[in-house]
Amino acid sequence: MKLGKLIVLTGPSGVGKGTLLRSLLQRHVELDISVSVTTRSPRPGEINGKDYYFVSREQFAEMVQADALLEWAEYAGNCYGTPRQQVNEKIHQGKWVILEIELEGARQIHKTFPSALRIFILPPDMDELENRIRGRGHDEETAIARRLNHAQTEIAAADEFDIKIINDDLEIALTHIETAIFNI
Ligand code: 5GP
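Note that the structure is predicted; figures quoted are calculated from it, not measured.

1. What about the packing of aromatic side chains?
Here the structure, examined in full by the defined rule, presents 6 aromatic pairs. Residue placement shows Arg118 over the ring face of Phe161; its charged tip is 4.7 Å from the ring centre.

As structure tokens, then:
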């Protein structure tokens, strides 16, 4: 069977990666996601095993030790990682797997999985990004400041990616992502 593809979607918190990803999955049945592991606490409505696998720091450290993560990074005080086996299985089943991950993880994937297509999503500008983060209403003031600070660092690295897409109009951004993925 033909091997699948790995696609990395990166961009600052609040840029709308989640919404873009949900729309892509609705439109294209051949696309699949990887559910990440995190030490962050679940937000209201988040489901273990669907949004993330929520684990303790000890459990996360054990997974790192056992080389069970394809990539992992610490972000805003919590650890996040991609389970290696889940991704390998899907790729070998011929699926196209999208990883929605932050910058450090995307850099690791570039080294360990150089054929992965890496897409960076940019906000129209920083004010709009702040509005979107505040609009979600689930972060404390210190967390918002940390996310904005981190966003600057991530945006500065956007040129490292294969493709940069500005998420101003959702439909236009989606079309650009589809073109990048399916080469239409
Ligand atoms: P959040 O706490 O808002 O769900 O996620 C925070 C950041 O962690 C986001 O930028 C998200 O893309 C990233 N993230 C989620 N899962 C993973 C993962 O498995 N690995 C890495 N490196 N980053 C992740």
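2. Side note on the pairing of strand E7 (residues 96-100)
The sheet contact formed by strand E1 (residues 5-10) and E7 spans 5 bridges and is parallel. Pairing of Val8 across the sheet is with Leu99, part of E7. With 3 bridges joining them, strand E2 (residues 31-33) and E7 adopt parallel strand pairing. The residue of E7 that forms the bridge with Leu31 is Trp96.

3. Some words on the sheet that holds strand E8 (residues 117-122)
Strands sit in the order E2-E7-E1-E8-E9 across an open sheet of 5 strands; the sheet is parallel. In the strand order of this sheet, the two ends are held by E2 and strand E9 (163-166), each with one partner. Ignoring strand direction, the axes of neighbouring strands in this sheet form an average angle of 30°. Along the sheet, helix H7 (residues 170-182) makes contact with E1, E2, E7, E8 and E9, crossing E8 at roughly 170°.

4. A word on the environment of Ala76
When you line up the elements, Ala76 lands in the loop between strand E5 (69-75) and strand E6 (78-83). On the basis of relative accessible area, Ala76 is assigned to the partly exposed category, the value being 24%. Sequence separation between Ala76 and Arg147 is 71 residues, and the spatial gap between their C-alpha atoms is 6.9 Å.

5. Section: the site of the ligand
Taken together, 16 residues lie near the ligand, and Ser36, Arg40, Tyr52, Tyr80 and Glu102 sit nearest. One of the side-chain N or O atoms of Lys17 is found 2.9 Å from an oxygen atom in the ligand. A distance of 3.4 Å is found between an oxygen atom of the ligand and a side-chain nitrogen or oxygen belonging to Thr82. Contact with the protein chains covers 95% of the free accessible surface of the ligand, which is 510 Å². For the shell around the ligand, the secondary structure elements donating two or more residues are E5 and E6. Classifying every residue of the shell around the ligand gives 5 nonpolar, 4 polar and 7 charged.

The rules we used
Residues numbered from 1 in each chain as written. Predicted model: local features only at pLDDT ≥ 70, side-chain atom pairs only at ≥ 80, totals over all residues. Heavy atoms only, no water. Phe/Tyr/Trp six-rings, centres within 6.5 Å; stacked < 30°, edge-to-face > 60°. Lys NZ or Arg CZ within 6 Å of the ring centre and 35° of its normal. Pairing = 2+ DSSP bridges. Helix = DSSP H or I, 4+ residues; strand = E, 2+ residues; numbered from the N terminus. Axes fitted to C-alpha atoms, helices over the stretch in contact; angles between N-to-C directions. Contact = heavy atoms within 4.5 Å. Buried < 20%, exposed > 50% of the residue type's maximum accessible area, 1.4 Å probe, protein only. Near = heavy atom within 4 Å. Polar contact = N/O pair within 3.5 Å; in protein donor to acceptor, adjacent residues only side chain to side chain. Areas by Shrake-Rupley, 256 points an atom, 1.4 Å probe, with all protein chains shown as cover. Nonpolar A, V, L, I, M, F, W, Y, C, P; charged D, E, K, R; others polar.

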